[in-house]
Amino acid sequence: MLKFSSNLLKIKLFYFNISGKLKKNNFKINTSRANKNIDKVLMIFPIAEKDFNVAKYSFRSLLVNRSTQYYFLINNIFYSNFHFIGTTYGFNYLNKKNKIIINDNFINDNILKEEFDAVFDLNSKFYFDISMVVNHIQSNYKIGFKKEFSDWFYNVQIDSHTLEEGYKKINSMLT
């Protein structure tokens, strides 16, 4: 079953690439230029409850940097358990179909047309729908964990053995 879904995903990526709906990240990061402040950030929190709790704990210090404007995209089942300062949007995850449906307010607020300094996908597992959202958002930095197909969507990839280690790396980028 896993082999079949992997092949199906490859076919989807090929189709979206050919049709122009998906563009592989070919942009480069200029490391010789002075580091620009990250003023506007979109963080996509993990879908799985265990990973969500680790991320929520790891990023509890985001309240310290009040000059940065944060936007959060989280699973609706954790919505009442989320108390970060910033704008929060939700989505529903359909486990049987491995599908994500984003709430209407995300679309109505034209978040896909906003320009962000950085977009962080905190999911350690690959979710096609989340990656397609990241692909459509305009941002200098698209950061996610290193996994199969991540080259298509992220220009900075975090390679770590544990979630805590990866989140620590991301936290250091934000401070």
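Scroll up to find the structure.
What comes next concerns the included structure. (Residues numbered from 1 in each chain as written. Predicted model: local features only at pLDDT ≥ 70, side-chain atom pairs only at ≥ 80, totals over all residues. Heavy atoms only, no water.)

Focus on the packing of aromatic side chains
Selection criterion: Only Phe, Tyr and Trp rings are paired, with Trp represented by its six-membered ring, and only when their centres lie within 6.5 Å; those with planes under 30 degrees apart are stacked, over 60 edge-to-face, the remainder tilted. The numbering of helices and of strands both runs from the N terminus, where a helix is a DSSP run of H or I of at least 4 residues and a strand a run of E of at least 2. Accessible area is worked out with a 1.4 Å probe on protein chains only. A residue is then buried under 20% of its type maximum, exposed over 50%, and partly exposed in between. The rule is short: NZ of Lys or CZ of Arg within 6 Å of the ring centre and within 35 degrees of the ring normal puts a charge over the ring.
Counted under the stated rule, the structure contains 19 aromatic pairs. Geometrically, the ring pair formed by Phe 126 and Phe 153 is tilted, given 5.9 Å between the ring centres and 40° between the ring planes. Of this pair, Phe 126 sits in the loop between β5 (115-121) and α4 (128-136) while Phe 153 is found in the loop between β6 (138-145) and β7 (156-158), placing the two residues 27 residues apart along the sequence. Given a relative accessible area of 0%, Phe 153 falls into the buried group. Aromatic ring contacts, followed pair by pair, group Phe 45, Phe 52, Phe 59, Tyr 70, Phe 72, Phe 78, Phe 82, Phe 84, Phe 145 and Tyr 167 into a single cluster. The cationic tip of Lys 40 hangs over the ring face of Phe 116; the distance from NZ or CZ to the ring centre is 5.5 Å. Directly above the aromatic system of Tyr 57 lies the positively charged group of Arg 60, at a separation of 3.9 Å from the ring centroid.

Some thoughts on the environment of Phe 126
Take Phe 126: its relative accessible area is 14%, and that puts it in the buried class. Measuring from C-alpha to C-alpha, the distance between Phe 126 and Phe 145 comes to 8.7 Å, with 19 residues separating the pair along the chain.

Side note on the side chain of Ser 150
Heads up, the rule is: Polar contact is defined as a pair of N or O atoms within 3.5 Å, subject to the rule that within protein one atom must be able to donate a hydrogen and the other to accept it, and that residues adjacent in sequence are counted only when both atoms are side-chain atoms. Between two residues, a contact is recorded if the distance between any of their heavy atoms is within 4.5 Å.
With respect to the helices, strands and loops of the structure, Ser 150 is situated in the loop between β6 and β7. Assessed through its relative accessible area of 1%, Ser 150 is described here as buried. Of the polar contacts made by the side chain of Ser 150, one reaches the backbone oxygen of Lys 147; its length is 2.7 Å. Sequence-distant contacts of Ser 150, defined by excluding residues within four places in its chain, comprise Phe 145 and Gln 157.

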